[in-house]
Amino acid sequence: MIANQKAMQKKRNIQNIIDNDDEMGEVAEWAGISAAQAKDDDDFDFDNKQVFQQSNDHVEQARQKINQKLNKKGTNVNQRNGPLVNNLKDKAKSIALQNNQNNETPIKQQCQSSDDENEKPRIDKGEESPDKKVFRLSERSIGKIEEEFEQANKERMMDLEKKKNEIKQINFIEAWDQLKGSQDIRDQIEFIQKKTSFLDKLFGCFSIHLKSSRLIQEKNQVCLMSQLSFDDNNESHFRILYTIYCQLMTTDYCLRYGSHWEMIGFQGTDPATDLRGAGILGLLQMLAFISEYKIYIKQALKIFQDIKIPFSITLINITTFVLVSLKDNKLNQLINQEDSVISVINKLYFAGFHLLTKILKKEQITFHTIGNHLTHIRKLIHEQPQKLIREFHQDIQRFYKINNI
């Protein structure tokens, strides 16, 4: 309905310029369209090719009628409406040109699509597509990487087994013999003997002295071990450290460096940096404790882990307390009775740590409050070593009896 009204309105507008349908048909002829189409500009779109072809007969009929009218009227149309008709002619030419361009556009697009198809690589029958080829090569690469990983893992496990066989755990007696017989210790002992003056010997007579040169030499060996830093080139050093971890954690291998050392109470990835004033003697006494009282020491480790107090660091502190008493000749009487330096300092070391463990079981102690208790233990080690050792022996016997060991 609206379209019909619009067409009628445009017809009236054109009729204001051109008197009749015959004159309108004349203008339409120049554009190559029917007279009826010229009345509605909105119908001049780019898709009217079929309409143009169907209206050829009407165009011929309109041409014949126009010729008849022109014979009668002559050039009256051009004289009356010349400028307006010329404008319509120009417009008709423009419409015809647009129609021609629209007809050429699909052809160009078709040619372009044909060129694109020609650019694509042709795949012969039976040949795999590039996508499939890439996927196949990717699968092959992944498979190769997995094989290399499995091979590397096998080699790592073989290397690990080899290292386990190469690194043997060591017991305390073997470690003690190797350390005191090392070249470093022997050289230092010889140097100390030459350096000892007459006055040192004289003032030594006014104190309780060790009863034999062998004990004096053993005492010097112990003191020198406390000054001996951890040496990675020394096989005995690493075997001691290795055995400590394996025994406490019930395993058969460990790495030299790593966060696993924190599990047994060292403060970092390298336990050698935590030996402080105890030197290699600190590790040796830990090994002695494990060798002698393994079940007890592993239970103590659990207590320290639960309250987050560094186990190994605490043991190293106990070693330094014992060393002070040894150097101050506070243990000479016990050493003479035992006829052994290392035996006395180990027993006192066990006793000092045991006392701290008893306190931890009774009181709530944190890392920040343990200092006061360590000070108390250091005083007892220095002033009452014999009493401390006696109480430890009573408690340790009771512990193993309760646990049926």
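The chain is annotated in an unreviewed UniProt entry as ELMO domain-containing protein from Paramecium primaurelia.

Draft legend 1. Representation of helix α14 (residues 311-327). Here α14 spans 25 Å end to end across 17 residues, near enough to the 24 Å set by a 1.5 Å rise per residue. With 13 of 17 residues buried, α14 lies mostly within the body of the structure. Where α14 ends, the next residue or the one after it, Asn329, has phi of about 60 degrees, a positive value.

Draft legend 2. Main features of the packing of helix α13 (residues 294-306) against helix α18 (residues 385-402). Two numbers describe how α13 lies on α18: the axes approach to 10 Å, and their chain directions differ by 90 degrees. It follows that α13 is roughly perpendicular to α18 by the angle criterion. Note on element contacts: α18 touches α13 through Ile396, Phe399 and Tyr400, opposite Lys294, Ile295, Tyr296 and Gln299. Among the residues making up the contact of α13 with α18, the classes are represented as five nonpolar, one polar and one charged.

Draft legend 3. How the structure looks around the side chain of Gln285. Along the chain, the position of Gln285 falls in helix α12 (residues 279-292). There is a polar contact of 2.9 Å between the side chain of Gln285 and the side chain of Asn346. Excluding residues within four positions of it along the chain, Gln285 makes contact with Thr319, Ile345, Asn346, Tyr349 and Phe350.

Draft legend 4. Local environment of the pattern of salt bridges. Summed over the entire model, instances satisfying the criterion amount to 11 salt bridges. Residues Arg239 and Glu174 are paired through a salt bridge, measuring 3.5 Å at the closest nitrogen-oxygen approach. In this pair, Arg239 is assigned in helix α11 (residues 235-249) and Glu174 in helix α7 (residues 172-180), connecting sequence segments 65 residues apart. With a shortest N-O distance of 3.9 Å, Asp177 and Lys180 are connected by a salt bridge. Residue Asp177 and its partner Lys180 are located together in helix α7, separated by three residues, close to a single helical turn.

Draft legend 5. A look at unusual backbone geometry. Located in the positive-phi region is Thr250, a residue other than glycine, with phi close to 55 degrees. Position of Thr250 relative to the elements: it lies in the loop between α11 and α12. The phi torsion at Arg276 lies on the positive side, around 50 degrees, for a residue other than glycine.

Draft legend 6. Summary view of a negative patch on the surface. Together, Glu146, Glu147, Glu148 and Glu150 make up a region of like negative charge exposed at the surface. Following the sequence through the fold, Glu146 ends up in helix α6 (residues 130-166).

Draft legend 7. Structural context of α7. Of all the residues in α7, the buried ones are Phe172, Ala175, Trp176 and Leu179. Viewed end-on, α7 has its buried residues packed into an arc of 100 degrees, placing them on one side of the element.

Draft legend 8. Representation of the environment of Ile342 within the structure. For Ile342, the location among the structural elements is in helix α16 (residues 341-362). Taking the C-alpha atoms as reference points, Ile342 and Val222, separated by 120 residues in sequence, lie 7.4 Å from one another. The contacts of Ile342, once residues within four sequence positions are left out, are Phe172, Trp176, Glu218 and Val222.

Draft legend 9. Summary view of the environment of Thr357. With respect to the secondary-structure elements, Thr357 resides in helix α16. Spatially, the C-alpha atoms of Thr357 and Phe304 are 8.5 Å apart, while their sequence positions differ by 53 residues. Setting aside chain neighbours within four positions, we find Thr357 in contact with Tyr296, Ala300, Ile303 and Phe304.

Draft legend 10. Quick look at the packing of α11 against α13. Look at α11 against α13: their axes get within 10 Å of each other, and the N-to-C directions meet at 80 degrees. When the interaxial angle is binned, α11 and α13 end up roughly perpendicular. Along the contact surface, α11 presents Gln247, Leu248 and Met249, while α13 presents Lys294, Ile297, Lys298 and Leu301. Looking at side-chain class alone, the contact of α11 with α13 contains four nonpolar, one polar and two charged residues.

Conventions adopted
- Residues numbered from 1 in each chain as written.
- Predicted model: local features only at pLDDT ≥ 70, side-chain atom pairs only at ≥ 80, totals over all residues.
- Heavy atoms only, no water.
- Helix = DSSP H or I, 4+ residues; strand = E, 2+ residues; numbered from the N terminus.
- Expected span 1.5 Å × (residues − 1).
- Buried < 20%, exposed > 50% of the residue type's maximum accessible area, 1.4 Å probe, protein only.
- Axes fitted to C-alpha atoms, helices over the stretch in contact; angles between N-to-C directions.
- Parallel < 35°, antiparallel > 145°, perpendicular 65-115°, else oblique.
- Contact = heavy atoms within 4.5 Å.
- Nonpolar A, V, L, I, M, F, W, Y, C, P; charged D, E, K, R; others polar.
- Polar contact = N/O pair within 3.5 Å; in protein donor to acceptor, adjacent residues only side chain to side chain.
- Salt bridge = Lys/Arg side-chain N within 4 Å of Asp/Glu carboxyl O.
- Patch = residues over 30% accessible without salt bridge, like charges linked within 9 Å, V, L, I, M, F, W, Y side chains within 5 Å.
- Areas by Shrake-Rupley, 256 points an atom, 1.4 Å probe, with all protein chains shown as cover.
- Lys, Arg positive; Asp, Glu negative; His and termini not counted.
- Charge placed at Lys NZ, Arg CZ, Asp CG, Glu CD.
- Arc of directions from axis to C-beta.

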